[in-house]
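# A structural walkthrough
What follows is each chain in one-letter form.
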Amino acid sequence: MLKKIGIVVFFVFFMLGCSSLNVKNELSNEPSIDKVRAAYEKWEVDIAESELIQYENKYGISEESEKLYLQILERSTKKEELFHLVEVIKGTIIENKTSYLKKYANGFFIKKKIKELSKYDFSGFEIYSGNFKFKKENAECVFVANYLEESIYITVKFRLKNNRWELVDFKERR
């Protein structure tokens, strides 16, 4: 008899635990300003904008949501500027105009690396860029330079400083 009561009690607690999981999952699907900020901090501007629209549809437009919307728009613009800069970098490398990259560099060591880079001929290369990783005001991207059957992987780092992207570092990786 005691075993049966123990099994019933265990079953009741198990069911209560499972039902609270469903409540937590339902709450996690609710739109919130915290979700908008989290996506914004990760530079996921499309997700942040979508979450903000859902939030405003449910709770209405507030001063805070308007401020977040402007910040998301600005971050989206900065992200597009970075994508454009990456395309400029790829083009200047292929055209062997690497000295032009000094315009985007700030610092002695990066300018020295660019000077070393100008010694090489990249005219036969195809250059591709991969996904970006963002952390606060920094971004990182992997470039792949293909020549015939050989590939070179280069990690390129950027920093948003004074509202402008600059080339911080690049290094070959294997």
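Right above here is the structure, for reference.
Residues numbered from 1 in each chain as written. Predicted model: local features only at pLDDT ≥ 70, side-chain atom pairs only at ≥ 80, totals over all residues. Heavy atoms only, no water.

Right, let's talk about the pairing of strand β2 (residues 138–147) for a bit. Sheet analysis places strand β1 (residues 126–135) next to β2, joined by eight bridges and oriented antiparallel. Bridging across to β2, Ser-129 finds its partner in Phe-143. Counted between consecutive antiparallel strands, the loop separating β1 from β2 contains two residues, among which Lys-136 sits at a positive phi close to 55°. A loop of two residues connects β2 with strand β3 (residues 150–161), the two strands running antiparallel in sequence, and Leu-148 in this loop sits at a positive phi of about 55°. (Pairing = 2+ DSSP bridges. Helix = DSSP H or I, 4+ residues; strand = E, 2+ residues; numbered from the N terminus.)

Below, the discussion takes up the packing of helix α2 (residues 33–41) against helix α3 (residues 45–59). At their nearest, the axes of α2 and α3 sit 8 Å apart, and the two run at 165° to each other. In this view, α2 runs roughly antiparallel relative to α3, as classed from their interaxial angle. The interaxial crossing formed by α2 with α3 has left-handed handedness. Contacts from Ile-33, Lys-35, Val-36, Ala-39 and Tyr-40 in α2 reach Ile-47, Ala-48, Glu-51, Leu-52 and Tyr-55 in α3. Of the residues assigned to the contact of α2 with α3, the class counts are eight nonpolar, no polar and two charged. (Axes fitted to C-alpha atoms, helices over the stretch in contact; angles between N-to-C directions. Parallel < 35°, antiparallel > 145°, perpendicular 65-115°, else oblique. Left-handed = near helix turned anticlockwise from the far one by under 90°. Contact = heavy atoms within 4.5 Å. Nonpolar A, V, L, I, M, F, W, Y, C, P; charged D, E, K, R; others polar.)

To continue, consider the pattern of salt bridges. Going through the model one piece at a time under the given rule, you end up with 10 salt bridges. The salt bridge partner of Lys-113 is Asp-169, with a shortest N-O separation of 2.6 Å. Of the two residues, Lys-113 is situated in helix α5 (residues 108–117) and Asp-169 in strand β4 (residues 164–173); the sequence distance between them amounts to 56 residues. Assessed through its relative accessible area of 32%, Lys-113 is described here as partly exposed. (Salt bridge = Lys/Arg side-chain N within 4 Å of Asp/Glu carboxyl O. Buried < 20%, exposed > 50% of the residue type's maximum accessible area, 1.4 Å probe, protein only.)

A contiguous nonpolar surface patch, about 280 Å² in accessible area, is contributed by Tyr-69, Leu-70 and Leu-73. Looking at the element boundaries, Leu-73 is found in helix α4 (residues 63–94). Residue class for Leu-73 comes out partly exposed when judged on its relative accessible area of 37%. (Patch = residues over 30% accessible without salt bridge, like charges linked within 9 Å, V, L, I, M, F, W, Y side chains within 5 Å. Areas by Shrake-Rupley, 256 points an atom, 1.4 Å probe, with all protein chains shown as cover.)

Further remarks concern unusual backbone geometry. The residue Lys-136 is not glycine, and still its phi comes out positive at about 55°. With respect to the helices and strands, Lys-136 occurs in the loop between β1 and β2. The phi dihedral of Asn-162 is positive, around 55°, even though this residue is not glycine. Tracing the sequence through the fold places Asn-162 in the loop between β3 and β4. For Asn-162, a relative accessible area of 72% corresponds to the exposed category.

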